[in-house]
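# Observations on chain architecture
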Amino acid sequence: GAVVSQHPSWVICKSGTSVKIECRSLDFQATTMFWYRQFPKQSLMLMATSNEGSKATYEQGVEKDKFLINHASLTLSTLTVTSAHPEDSSFYICSAATDSPQFFGPGTRLTVL
Amino acid sequence: SQQGEEDPQALSIQEGENATMNCSYKTSINNLQWYRQNSGRGLVHLILIRSNEREKHSGRLRVTLDTSKKSSSLLITASRAADTASYFCATDKSSASKIIFGSGTRLSIRP
């Protein structure tokens, strides 16, 4: 199947700083990328949908100014958590798709101290 | 928000037994998919079943879909220790549209 990578795989940062997470489709061009957040022992919650070259569509309750999404090319989307707080600590997973199924990245574990 | 619920929330069985997990969803769908997630890891796509299909097989996996009841089941036959993971169903309304995950079932296989 298609391969999606995420970088970094884990990151620890201080409260108030910003963290950027990259999501890349390695062997296919993804018209759409999705960002999910997963708290321990819970399911994945969709945060936003991003299409290359256009603004992301955020799910209800997700602050677009806090979670900045850029989808500059068909193989790269980035999620920036701005002014991170300890409650933003979570597992962030991206997925990429041109059709069903979506292919998921390995996830990025963010810990905010 | 989540599309649906899965039951049981947790399941523990003996190695070699069959494991059945159920998923119910709320709105009409185009596809339903099942994913596996090992603890702290990414998702592995297991199987996709389209809304006009009723049953699908892949190796030791059997998935059924009942659109009239808005439910699906995942059967894993002859379970192995390596099947220990969380299993999620996920639905979408069209290809490449957003997918919404169910609450998940944590499966433990006892040796």
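Preceding block: the structure.
Read on for a plain summary of the structure.

Scoring rules and cut-offs
- Residues numbered from 1 in each chain as written.
- Chains lettered and ligands numbered in written order.
- Predicted model: local features only at pLDDT ≥ 70, side-chain atom pairs only at ≥ 80, totals over all residues.
- Heavy atoms only, no water.
- Contact = heavy atoms within 4.5 Å.
- Buried area = accessible area lost by both parts, 1.4 Å probe.
- Salt bridge = Lys/Arg side-chain N within 4 Å of Asp/Glu carboxyl O.
- Polar contact = N/O pair within 3.5 Å; in protein donor to acceptor, adjacent residues only side chain to side chain.
- Core = buried A, V, L, I, M, F, W, Y, C linked by side-chain atoms within 4.5 Å.
- Buried < 20%, exposed > 50% of the residue type's maximum accessible area, 1.4 Å probe, protein only.
- Helix = DSSP H or I, 4+ residues; strand = E, 2+ residues; numbered from the N terminus.
- Patch = residues over 30% accessible without salt bridge, like charges linked within 9 Å, V, L, I, M, F, W, Y side chains within 5 Å.
- Areas by Shrake-Rupley, 256 points an atom, 1.4 Å probe, with all protein chains shown as cover.
- Pairing = 2+ DSSP bridges.

### As for the interface of chain A and chain B
Taken together, the 23 residues of chain A in the interface contact 24 residues of chain B. Across the chain A/chain B interface, buried area totals approximately 1600 Å², and carbon plus sulfur atoms make up 58% of it. Counting across the interface, chain A meets chain B through 1 salt bridge. With its nearest N and O atoms 3.1 Å apart, the salt bridge here joins Lys98(B) to Glu59(A). Across the contact surface, chain A and chain B share 5 residue pairs in polar contact (both at pLDDT 80 or more).

### Side note on the nonpolar core
Of all hydrophobic cores here, the largest spans 24 residues; its most connected members are Trp35(A), Phe67(A), Leu79(A), Tyr92(A) and Leu110(A). When residues of this core are traced back to their parent elements, those giving at least two are β2 (10-13), β3 (19-25), β4 (32-38), β5 (44-51), β7 (67-73), β8 (76-81), β9 (90-97) and β11 (108-112) of chain A. Counting 22 residues, the second largest nonpolar core, distinct from the first, contains Cys23(B), Leu74(B), Leu107(B) and Ile109(B).

### Here's the deal with a nonpolar patch on the surface
Taken together, the side chains of Trp10(A), Ile12(A) and Leu113(A) make up a nonpolar region of the molecular surface, amounting to roughly 390 Å² of accessible area. Assignment of secondary structure puts Leu113(A) in the segment after β11.

### Focus: the pairing of β5(A)
Residue and element names in this part refer to chain A. Burial within β5 is extensive, with 6 of its 8 residues counted as buried. Here 7 bridges tie β4 to β5, and the two strands are oriented antiparallel to one another. Within the sheet, the bridge partner assigned to Gln 38 lies in β5 and is Leu 44. Taking the residues between adjacent antiparallel strands as the criterion, β4 and β5 are bridged by 5 residues, where Lys 41 takes a positive phi near 60°. One ladder, built from 2 bridges, connects β5 with strand β6 (residues 57-58); its direction is antiparallel.

### Thoughts on the environment of Gln102(A)
Relative to the elements of secondary structure, Gln102(A) occurs in the loop between β9 and β10 (103-104). Spatially, the C-alpha atoms of Gln102(A) and Phe34(A) are 9.0 Å apart, while their sequence positions differ by 68 residues. Apart from the residues within four sequence positions on either side, Gln102(A) is in contact with Phe34(A), Tyr36(A), Ser95(A), Ala96(A), Ala97(A), Gln33(B), Tyr35(B), Ser97(B), Lys98(B) and Ile99(B). A polar contact of 3.4 Å, which involves the side chain of Gln102(A), links it to the side chain of Tyr36(A). Of note is the side chain of Gln102(A), whose polar atom sits 2.6 Å from the side chain of Ser95(A).

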